[in-house]
Amino acid sequence: QVQLVESGGGLVQAGDSLRLSCSASGRTSSIAAMGWFRQAPGKERERVAVINWSGGSTYYADSMKGRFAISGDHAKSPVYLQMNILNPDDTAVYYCAASKVWGRRDYDLSVMDYWGKGTLVTVSS
């Protein structure tokens, strides 16, 4: 089992930066990929960024490319999400997630096995 705890959320203004942290505990060596997902009010949860240690790659949603950066070392905590040039559309609960399945080329929401409880990011205009 793996436990995930997010931190770093808060209220910021448009244009500001924020760094989220995800601390993992338990069988962290079993984790093949970790990522950040977010859910805005009234919207479905969406993928933000993923580190794929299984394939040695990272993924970013189009709207986050150039603004967000995910970082972290395998089996070492924490994994970070650096968010720059935030805008009100980035307001959401941000969740950390992890997958124990190795060998996938892509890790989307449906294949993540472990989830944190989320941290709220609010961006004011």
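The rules behind the values
Residue numbering note: each chain is counted from 1, following its sequence as written. Note on the predicted model: pLDDT of at least 70 is required for a residue's local features to be given, and 80 or more for side-chain atom pairs to be given and counted; whole-chain, interface and lining totals, by contrast, use all residues. By convention in this description, side-chain values take in all heavy atoms of the structure and omit both hydrogens and water. Cysteine sulfur atoms are paired as a disulfide whenever they come within 2.5 Å of each other. Note on conventions: DSSP H or I runs of at least 4 residues are helices, E runs of at least 2 residues are strands, and numbering of each starts at the N terminus. A 1.4 Å probe rolled over the protein chains alone gives each residue an accessible area, and that area as a share of the maximum for its type sets the label: buried under 20%, exposed over 50%, partly exposed in between. Geometry of aromatic contacts follows a simple scheme: Phe, Tyr and Trp rings, the Trp one being its six-membered ring, pair when their centres are within 6.5 Å, and the pair is stacked under 30 degrees between planes, edge-to-face over 60, tilted otherwise. Each reported salt bridge corresponds to a side-chain nitrogen of Lys or Arg within 4 Å of a carboxyl oxygen of Asp or Glu.

1. Things to note about the state of the cysteines
Link 1 in the chain: What the rule picks out here adds up to one disulfide.
Link 2 in the chain: The disulfide partner of Cys 22 is Cys 96, and the S-S distance across this bridge is 2.0 Å. With the S-S dihedral at roughly -80 degrees, the linkage between Cys 22 and Cys 96 falls on the left-handed side. Linking Cys 22 in strand E3 (residues 18-26) with Cys 96 in strand E9 (residues 92-99), this pair joins segments that are 74 residues apart in sequence. Across the pair, exposure class does not vary: Cys 22 and Cys 96 are buried alike.

2. Side note on the packing of aromatic side chains
Link 1 in the chain: By the definition in use, this model includes two aromatic pairs.
Link 2 in the chain: Note on Phe 37 and Trp 115: the rings are 5.0 Å apart at their centroids and 55 degrees apart in plane angle, and the pair reads as tilted. Residue Phe 37 is located in strand E4 (residues 33-39), and its partner Trp 115 is located in strand E10 (residues 114-115); the two are separated by 78 residues in the primary sequence.
Link 3 in the chain: Seen from their ring centres, Tyr 95 and Trp 115 are 6.4 Å apart, and the 80 degrees between their planes marks the pair as edge-to-face. A residue pair is termed long-range when its members are at least 10 positions apart, and Tyr 95 in strand E9 and Trp 115 in strand E10 qualify at 20 residues.

3. Here's the deal with the pattern of salt bridges
Link 1 in the chain: Considering all chains together, one arrives at five salt bridges under this definition.
Link 2 in the chain: Here Arg 47 and Asp 106 are joined by a salt bridge, their closest N and O atoms 2.7 Å apart. A residue pair is termed long-range when its members are at least 10 positions apart, and Arg 47 in strand E5 (residues 46-52) and Asp 106 in the loop between E9 and E10 qualify at 59 residues.
Link 3 in the chain: Residue classification places Arg 47 among the buried positions, given a relative accessible area of 17%.
Link 4 in the chain: Using a relative accessible area of 35% as the deciding quantity, one classes Asp 106 as partly exposed.
Link 5 in the chain: In this structure, Arg 67 engages Asp 90 in a salt bridge whose closest nitrogen and oxygen atoms are separated by 2.8 Å. Placement of the pair is Arg 67 in the loop between strand E6 (57-60) and strand E7 (68-71) and Asp 90 in the loop between strand E8 (79-83) and E9, with a sequence separation of 23 residues. The same class applies to Arg 67 as to Asp 90, namely buried.
Link 6 in the chain: Through salt bridges with shared partners, a single ionic network connects Arg 38, Glu 46, Arg 67 and Asp 90.

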